[in-house]
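Below are the chains, spelled out letter by letter.
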Amino acid sequence: MVIETVGVVGCGLMGSGIAEVAAKAGFDVVVREVSDELIEGGRDRIRKSLDRAVERGKLTEADRDAAWSRLRFSTDLSDLADRHLVIEAIIEEIAAKNELFSALNDLCGPETIFASNTSSLTITDMAAASGRVDRVVGLHFFNPVPVMQLVEVVRTIATSDEAFDAVYAFAEALGKKPITAKDNSGFVVNLLLVPYLLDAIRQLERGVASVEDIDRAMMLGLGYPMGPFALCDFVGIDTVYRISEIMFDEYRESRYAPPPLLKRMVSMGRFGRKTGKGFYDWSGDRPVSVPL
Ligand code: 3HC
């Protein structure tokens, strides 16, 4: 099976990035959100990102216009009925994802493959609820989607070779460098990244060093583009918390347990860059760490 038409459900940070790279790679894309307001937000984000690529000389104006013309936006789930592949990038709640796939199963033809961009839930649970166990695949992108080269392509014990191969080829056609992962919570990257981020918070709680110095240490000592606290703010404190809860629930290992400071930050609405404040205050020209 060759994928030519794509649906993206959810047009937040990840969904808009996925829709953008798919349209740039020549796919016909329908993006679905639940309200006109959310569609406006996603449409703006994609347009700005495409315009910035033109300004930086990475995309010609003609290629930007062609990509833009391949994108359609809708609040109606039935507009995804004719898609070869539907990728969900909605809230990280298993009940919401199961409900979505079950509704899509009624709308889409039997050939349509469903993919989830989940970061920590298991694809098996969604496949079981989808009504088409052999055609559900994990397709985990990284933020910022237009920049990060990796995509984790995930199969369950029930995924057919045909569906898996088609989605793997799709990831390559996006210009990404896919890897294959088994369906375990966190796949490969988050399995290793999440304990690292949580450990950094635990060391901060212990008073090992300041936010800036821990970040500087990991950047300059290991050549990482961002230290763990800047990365937490970038990914979203609420997202890191949610992922760690899901992974702790799955593995019951203390290294996935959310540290108290992370919980307090979520309660205070300090979600990182998207709310202006997390471990750093992002409102100025450069981030400045805030008292915690
Ligand atoms: N969209 C498109 N392009 C972007 C972008 C965005 N949102 N943000 C940055 N870029 C591009 C810039 O245009 C620039 O491209 P150029 O060099 O070709 O002109 C390039 O990325 C570098 O950007 P900047 O010079 O502005 O800034 P940096 O050098 O600091 O890079 C960064 C920014 C790419 C975000 C870099 O800091 C980085 O790689 N950080 C780590 C990101 C990371 O680890 N992501 C994974 C998070 S985990 C995850 O997503 C999984 C989930 O399940 C939790």
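Please read these numbers as outputs of a predicted model, since none were measured by experiment. (Residues numbered from 1 in each chain as written. Predicted model: local features only at pLDDT ≥ 70, side-chain atom pairs only at ≥ 80, totals over all residues. Heavy atoms only, no water.)

Draft legend 1. Seen up close, the layout of surface pockets. By volume, the second largest pocket amounts to about 220 Å³. Along the walls of the second largest pocket sit Glu212, Asp215, Arg216, Met219, Ala230, Tyr280, Trp282, Arg286 and Pro287, which together make up its complete lining. At four residues, the largest contribution of residues to the lining of the second largest pocket is made by helix 8 (residues 211-222). (1 Å grid on protein atoms, 1.4 Å probe; cavity = no way out; pocket = protein on both sides within 12 Å on 5 of 7 lines; lining within 4 Å. Points joined across faces, edges and corners; volume = space filled by probe spheres on them. Helix = DSSP H or I, 4+ residues; strand = E, 2+ residues; numbered from the N terminus.)

Draft legend 2. Region of the structure containing the nonpolar core. Counting residues in each nonpolar core, the largest one holds 40 residues, and the members touching the most others are Ile3, Val29, Leu139 and Phe170. When near neighbours in sequence (up to four residues on either side) are disregarded, Ile3 contacts Phe27, His84, Leu85, Ile113, Ala166, Val167 and Phe170. (Core = buried A, V, L, I, M, F, W, Y, C linked by side-chain atoms within 4.5 Å. Buried < 20%, exposed > 50% of the residue type's maximum accessible area, 1.4 Å probe, protein only. Contact = heavy atoms within 4.5 Å.)

Draft legend 3. Structural detail: a nonpolar patch on the surface. Where nonpolar side chains cluster on the molecular surface, the patch consists of Met219, Leu220, Leu222 and Tyr224 and spans about 410 Å² of accessible area. Its place among the elements puts Met219 in helix 8. (Patch = residues over 30% accessible without salt bridge, like charges linked within 9 Å, V, L, I, M, F, W, Y side chains within 5 Å. Areas by Shrake-Rupley, 256 points an atom, 1.4 Å probe, with all protein chains shown as cover. Salt bridge = Lys/Arg side-chain N within 4 Å of Asp/Glu carboxyl O.)

Draft legend 4. Structural view of the site of the ligand. Looking at the ligand, there are 19 residues lining it, with Arg52, Arg56, Lys58, His140 and Asn143 nearest. Here Arg52 contributes a side-chain N or O atom positioned 2.9 Å from a nitrogen atom of the ligand. Note that an oxygen atom of the ligand is positioned 2.8 Å from one of the side-chain N or O atoms of His140. Compared with its free state, where it exposes 1000 Å², the ligand has 63% of that area covered by protein. Elements with a minimum of two residues in the shell around the ligand: helix 7 (189-206) and helix 9 (228-235). No other element matches helix 9, which puts three residues into the shell around the ligand. Its residues placed into classes, the shell around the ligand shows 12 nonpolar, four polar and three charged. (Near = heavy atom within 4 Å. Polar contact = N/O pair within 3.5 Å; in protein donor to acceptor, adjacent residues only side chain to side chain. Nonpolar A, V, L, I, M, F, W, Y, C, P; charged D, E, K, R; others polar.)

Draft legend 5. Spotlight on the domain arrangement of the protein chain. Domain boundaries assigned for the protein chain yield domain 1 (5-182) and domain 2 (190-281). For domain 1 versus domain 2, the distance between C-alpha centres works out to 27 Å. At the interface, nine residues of domain 1 touch seven residues of domain 2. Sorting the residues of domain 1 by area buried against domain 2 places Ser119, Ser120 and Asn143 first, and these three jointly supply 50% of that buried surface. Linking domain 1 with domain 2 are one salt bridge, by the criterion used here. Of the charged contacts, one joins Glu93 and Arg242 as a salt bridge, the two residues approaching to 3.5 Å between their closest N and O atoms. (Domains from an automatic or database assignment. Buried area = accessible area lost by both parts, 1.4 Å probe.)

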